[in-house]
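# Structural description and commentary
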Amino acid sequence: MSSDSHPAPVSRSGRFGSGPAADVAAFSESISFDWRLWRQDIRGSVAHATMLQKIGVLSARELRDIKSGFDTIAQEIEGGTFTWKPELEDVHMNLEAELTRRVPAGARLHTGRSRNDQVALDIRLWLRDEIAGLQEDLRSLQRALVEFGARHPAVIIPGYTHLQRAQPVYFAHHLLAYAEMLERDAGRFADCAHRANVCPLGSGAIAGSTLPLDRELVATLLGFVDAKGRPRLTQNSMDGVSDRDFLVEFCASGALLAVHLSRLAEDIILWVSTEFGFIRIADSYTTGSSLMPQKKNPDVAELTRGKSGRVVGNLMSLLMLLKGLPMTYNRDLQEDKERTFDTADTVRSCLRLMAAMLGQTTVEPAACKEAASDPLLLATDLADYLVQKGMPFRQAHHVVGAVVAVAEKWGKPLDQLTLAEFQGVDPAFGADVTGVFRLSEAMARRRIIGAPGTQEVRRQLAAWRKRLSS
Ligand code: ARG
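Now for a look at the structure at hand. As the structure is a computational prediction, the values presented were derived from the model and not from experiment.

### Side note on the packing of helix 3 (residues 38–54) against helix 6 (residues 115–151)
- Close contact between helix 3 and helix 6 brings their axes to 9 Å; oriented N to C, the two are set at 120 degrees. On the basis of the axis angle, helix 3 is oblique to helix 6. Crossing of helix 3 over helix 6 shows right-handed handedness. Across the interface between the two elements, Gln-40, Asp-41, Arg-43, Gly-44 and Ser-45 from helix 3 touch Gln-118, Leu-121, Asp-122, Leu-125, Trp-126, Arg-128 and Asp-129 from helix 6.
- Taken together, the residues that form the contact of helix 3 with helix 6 break down as three nonpolar, four polar and five charged.

### Description of helix 5 (residues 91–102)
- In this model helix 5 runs 17 Å from its N-terminal to its C-terminal C-alpha over 12 residues, within 8% of the 16 Å that 1.5 Å per residue would give.
- Of all the positions in helix 5, only Val-91, His-92, Met-93, Asn-94, Leu-95, Glu-96, Glu-98 and Leu-99 are classed as buried.
- Tucked into the core, helix 5 has its buried residues touching helix 2 (31–34), helix 3, helix 4 (60–79) and helix 6.

### Some details on the nonpolar core
- Of all hydrophobic cores here, the largest spans 93 residues; its most connected members are Leu-95, Leu-127, Leu-141, Phe-171, Phe-250 and Ile-268.
- For this core, the leading source of residues is helix 10 (residues 245–272), giving 14 residues.
- With residues up to four places along the chain from it excluded, the contact list for Ile-268 reads Ile-279, Ile-281, Ala-301, Met-354, Met-357 and Leu-358.
- If you look at the next biggest cluster of nonpolar residues, it comprises 21 residues, including Val-400, Val-403, Ala-407 and Phe-429.

### Some points on the pairing of strand 2 (residues 164–170)
- The sheet contact formed by strand 1 (residues 156–161) and strand 2 spans six bridges and is antiparallel. Counted as the bridge partner of Gly-159 is Gln-167 from strand 2.
- Hairpin remark: strand 1 followed by strand 2, antiparallel, with two residues in the connecting loop; positive phi at His-162, about 55 degrees.

### Points about unusual backbone geometry
- Between Met-327 and the following residue, Thr-328, the backbone shows a cis peptide bond with an omega angle of 0 degrees.
- Inspection of the secondary structure puts Thr-328 in the loop between helix 11 (299–322) and helix 12 (336–359).
- For Glu-89, which is not glycine, the phi torsion reads 70 degrees and is therefore positive.
- Relative to the assigned elements, Glu-89 resides in the loop between helix 4 and helix 5.

### Topic: the pattern of salt bridges
- Following the criterion strictly, the structure yields 31 salt bridges and no others.
- When the shortest N-O distance is used, the salt bridge between Asp-65 and Arg-61 registers 3.7 Å. Taken together, the residues Asp-65 and Arg-61, both in helix 4 and four residues apart, mark about one turn of the helix.
- What emerges from the salt-bridge pattern is a single network uniting Glu-76, Glu-98, Arg-101 and Arg-102.

### Quick notes on the site of the ligand
- Around the ligand lies a shell formed by Ser-30, Asp-34, Asp-90, His-92, Arg-115, Asn-116, Val-119, Tyr-329, Gln-334 and Lys-337.
- Between the ligand and Ser-30 there is a distance of 3.3 Å, counted from a nitrogen atom to a side-chain nitrogen or oxygen.
- The contact in question runs from an oxygen atom of the ligand to an N or O atom on the side chain of Tyr-329, over 2.4 Å.
- In isolation the ligand has 340 Å² of accessible area, and contact with the protein removes 87% of it.
- Broken down by element, the shell around the ligand gets its largest block of residues, three residues, from helix 6.

Criteria and thresholds
- Residues numbered from 1 in each chain as written.
- Predicted model: local features only at pLDDT ≥ 70, side-chain atom pairs only at ≥ 80, totals over all residues.
- Heavy atoms only, no water.
- Axes fitted to C-alpha atoms, helices over the stretch in contact; angles between N-to-C directions.
- Helix = DSSP H or I, 4+ residues; strand = E, 2+ residues; numbered from the N terminus.
- Parallel < 35°, antiparallel > 145°, perpendicular 65-115°, else oblique.
- Left-handed = near helix turned anticlockwise from the far one by under 90°.
- Contact = heavy atoms within 4.5 Å.
- Nonpolar A, V, L, I, M, F, W, Y, C, P; charged D, E, K, R; others polar.
- Expected span 1.5 Å × (residues − 1).
- Buried < 20%, exposed > 50% of the residue type's maximum accessible area, 1.4 Å probe, protein only.
- Core = buried A, V, L, I, M, F, W, Y, C linked by side-chain atoms within 4.5 Å.
- Pairing = 2+ DSSP bridges.
- Salt bridge = Lys/Arg side-chain N within 4 Å of Asp/Glu carboxyl O.
- Near = heavy atom within 4 Å.
- Polar contact = N/O pair within 3.5 Å; in protein donor to acceptor, adjacent residues only side chain to side chain.
- Areas by Shrake-Rupley, 256 points an atom, 1.4 Å probe, with all protein chains shown as cover.

Here is the structure:
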């Protein structure tokens, strides 16, 4: 062995004269990031060993030794006393080698198994756990949105299209739009978890095994089961070791979630600006400027917006990673993990920070009221008023446009025109036109499902609270 090469890991023990060169080892190791799969790797190995005992490859005693060996190793990893060895490449070889050093039966553990199906298993188990955690964080952010809205149920703000004032909406209605988006994100993650919940173990390196492995037992032990408790197994060994489409789905769901969070962040950044002034974020969730003493910046929201870029990038990286790979396993696939981990970690921290920040944010009712009392926001209501009087909507749209032009010409707010001025544009206007501009009445008039009406938003808030209470 040359002085700059590593000792041969078990995967090279028979075939190779030496370990890999040091730079090759450093280039190809994955333990620096895949160590975090250790719980899943041990879980998978214990299930595999249980099955090996059942089919007679391991004795009951050997299985016991393997289990207790892994128990001790797990305690050491938890306690921070376990030493990961880069020369053993990855989490799979580190754990197996350490087990075998302590327990002779460890040498039988890899029977009928390859790192190719092992890693496909570990990442599926990890994804399942991770998605369950993410769902909790998604719920927490939904709760924060709903509670923020519920703290200010009567606050009305302008709704915008093209970032131009459009129509009045309840502040809560605006927030609940995000609760809806997050609900669909949760659905996408659930779909992804369902499709990933299939056991690949038994696929071997590429072509299964000549040994009578009980795949159903392993799948059942690891919870890869359908609603009726029946095992779910990958049905093609080549597919089982080579595809990572479930990670693409995860990263795509994560990217879409990150984009939703980025939009929420952008709204918050706008609202907290002096120009809008609709909300105020507590000092503890803002940062200052090193130069400008007056600054209070919404960095949590800005970073959430910024980090969405890398989450989208992770999805692109994964897609490019898979594109053009010949069947079946290729070492390229090791590159799936950092992108996937980064997506999970990033969206999780964004969800948590945004939820915490919303809990520390208050509405500035005066600024909202000032903005929402712009009578132009009710121009569409004015057209609806004419429609109620029997006018075709296209004509009403034209008439109201002309009224707006008159108001502009006289430099008057729309609701300050006299009846004579309204009727000068069209005789269909009556004395009741002033009622159109009473904002609280205008909000009460929005009675249909999904509209920002007084009753409807109250109903939606109550429904969301109920849905999120469990
Ligand atoms: N560390 C590898 C990965 O993440 C494990 C599988 C290695 N398999 C192999 N044939 N070299 O993909």
